[in-house]
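# Residue-level structure breakdown
Okay, here's what each chain looks like letter by letter:
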Amino acid sequence: MEWCGVQVRLVSNITDIDDKIIDRANRENRPWNEITHKCEAVWFDAMNALGVLRPTDVPHATEYVEQMVEMIGDLMSSDSAYATDDGVYLDISSVPDYGLLAHQNLDDMLSGGGDREVLGAAQKRHPADFALWKFSKPGEPSWSSPWGEGRPGWHSECVVMSLQLLGEGFDLHCGGADLRFPHHENERAQAVALGKTFAQHWMHNGFVVDTEGEKMSKSLGNVTNLVDLVQHYDPRAYRMLLLQTHYRSPVKVGQDNIDSSVKSLANLDGFADRMAKAALPAMSADSEVLAKFRELMDNDIDTPNAMAIIFDTVRRANIAIESGDTDVCAALATAVHEMCNALGLMLRSGDDIDAAIVERAQQLDAARVAKDFAMADAIRIELQAAGYVVETTKAGTRVRRA
Ligand SMILES: [Zn+2]
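### Describing the overall build of the chain
- Looking only at helices and strands, the chain features 14 helices and ten strands.
- In terms of its C-alpha atoms, the chain occupies a principal-axis envelope of roughly 75 × 50 × 40 Å.
- Relative to its 402 residues, the chain shows a buried fraction of 43%.
- Look at the contacts in the chain between residues 6 or more apart in sequence, and 69% of them connect residues 24 or more apart.
- Of the roughly 20700 Å² of accessible surface on the chain, a fraction of 50% belongs to carbon and sulfur atoms.
- Separation between the mean location of the 38 positive side-chain charges and that of the 61 negative ones in the chain comes to 4 Å.

### Points about the coordination of the zinc ion
- For the zinc ion, every protein donor is listed as C158 (SG), H183 (NE2) and E187 (OE), and the spread of their distances is 2.1 to 2.3 Å.
- Site description for the zinc ion: donor spacing in sequence, C-x24-H-x3-E. In this pair, C158 is assigned in helix α5 (residues 154-166) and H183 in helix α6 (residues 180-193), connecting sequence segments 25 residues apart. In this pair, the class of C158 matches that of H183, namely buried.

### Observations regarding unusual backbone geometry
- Here the bond from F181 into P182 is cis, since omega is 5°, no more than 30 degrees from zero.
- Looking at where P182 falls in the secondary structure, it is placed in helix α6.
- Within the chain, A279 stands out as a residue other than glycine whose phi angle is a positive 50°.
- Counting through the fold element by element, A279 comes out in the loop between α9 (255-277) and α10 (287-298).
- Residue classification places A279 among the exposed residues on the basis of a relative accessible area of 69%.
- Phi is positive for I301, close to 50°, though the residue is something other than glycine.

### Brief notes about the pairing of strand β5 (residues 172-176)
- Looking at chain direction, β5 and strand β6 (residues 201-205) are connected through five bridges and run parallel. Within the sheet, the bridge partner assigned to C174 lies in β6 and is M203.
- Of the crossover connections in this fold, the one passing from β5 over α6 to the parallel β6 is right-handed.

### Re α9
- Given a rise of 1.5 Å per residue, 23 residues ought to cover 33 Å, and the 33 Å separating the end C-alpha atoms of α9 matches this to within 8%.
- Along α9, the residues that are buried comprise N257, I258, S261, S264, L265, L268, D269, F271, A272, D273 and M275.
- Lining the buried residues of α9 we find α7 (226-232), α8 (235-243), β8 (251-252), α11 (303-322) and α12 (326-342).
- Downstream of α9 by a residue or two, A279 has a phi angle that is positive, lying close to 50°.

### A closer look at the sheet that holds strand β3 (residues 130-135)
- The strand order β1-β2-β3-β4 describes an open sheet built from four strands, whose pairing is antiparallel. Looking at which strands have only one partner, the edges of the open sheet turn out to be β1 (81-83) and β4 (150-152). Across this sheet, the average inter-strand angle for adjacent strands is 20°, counted without regard to direction.
- Running over the sheet, helix α3 (residues 65-77) touches β1, β2 (87-90), β3 and β4 and is turned about 120° from β3.

### Things to note about the side chain of T36
- Summarising the element assignment, T36 is placed in helix α2 (residues 32-49).
- A polar atom in the side chain of T36 sits 3.1 Å from the backbone oxygen of N33.
- Among residues more than four places away in sequence, those in contact with T36 are D16 and I21.

So, how was this worked out
- Residues numbered from 1 in each chain as written.
- Predicted model: local features only at pLDDT ≥ 70, side-chain atom pairs only at ≥ 80, totals over all residues.
- Heavy atoms only, no water.
- Helix = DSSP H or I, 4+ residues; strand = E, 2+ residues; numbered from the N terminus.
- Buried < 20%, exposed > 50% of the residue type's maximum accessible area, 1.4 Å probe, protein only.
- Contact = heavy atoms within 4.5 Å.
- Areas by Shrake-Rupley, 256 points an atom, 1.4 Å probe, with all protein chains shown as cover.
- Lys, Arg positive; Asp, Glu negative; His and termini not counted.
- Charge placed at Lys NZ, Arg CZ, Asp CG, Glu CD.
- Donors = N, O, S within 2.8 Å, 3.2 Å for Na, K, Ca; no water.
- Pairing = 2+ DSSP bridges.
- Right-handed = clockwise from strand over helix to strand, strands pointing away.
- Expected span 1.5 Å × (residues − 1).
- Axes fitted to C-alpha atoms, helices over the stretch in contact; angles between N-to-C directions.
- Polar contact = N/O pair within 3.5 Å; in protein donor to acceptor, adjacent residues only side chain to side chain.

As structure tokens, then:
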């Protein structure tokens, strides 16, 4: 979107209090906020390694409890919410188009099961009514409210933070396909009950699964999660794998496609290297190629076909340079760089760096991801002593001759 000239303000919230966090804190006998700080740091390290830009705002649920209590108060005074013995619930009959996101009527949704609140079911007016505020048990983290000590329900966090930071009628709300119902439906329901306009558009992405379609687990040897993956493979290869799958489809991750992604990336890096050495004239990007790329990206972010355009442009640039057509080659090469940058895929040109040095740079990245900063520093000092400038970029460490 930024490449198209759209001004983007991205809010990505952190749920730093919920039932699972409290359970884990009790089990491990640690403060709940120690767990959430650690998880957040690990998450952003992995995003960094993948070249994912930091969101504009990263609000934490616990910083907005006061505003949530205020919103729940508004819903209570308009009779859209009611209190039971265990919390405060939204009355979904006050939301005329409830089920809009799920594209289902209420009976079908409920018979389909899913993650619905069963707590306090006996006192709920309707099985689909959901908790806005949960009263705390003794010893649990809690905040005060007019209805009793407790903590906000998950669906309330997001609606308060998004309306506060982005305002009514913000453009786009994203999330995993599993959040469509009940989470996003319930965020929206609260806004509707408050008489406010919520998100104008919704986009839901598919899951990361293994090649059998199961939740990714054992298919990559000792790689079981994102942190492992970016340690064992060039994070850009994973980024490329995601780009080669449409965001709405499940992303299949397995040995075969990770390997082929590593290979395709090496081809692109090789191309960038060849172009860097070819001393091409400065040419602006081939406009026909960029127009085609933009058309695909405008069509519901068709990254698989956009990636195909990149590979095709590389092929054409290679043909052009072989036939001595340096102007055509330069315009195509510039287009490749511009498209890769738009997708956050940073290509590396080798600069005559030998393979052992490149490997050390990759080990430096791996050490950093593993938080082995002593090792990362040692490798950096070693590379500098060998006469290289060591740069930290979004796509990882880059070395060039000093
Ligand atoms: Zn949310």
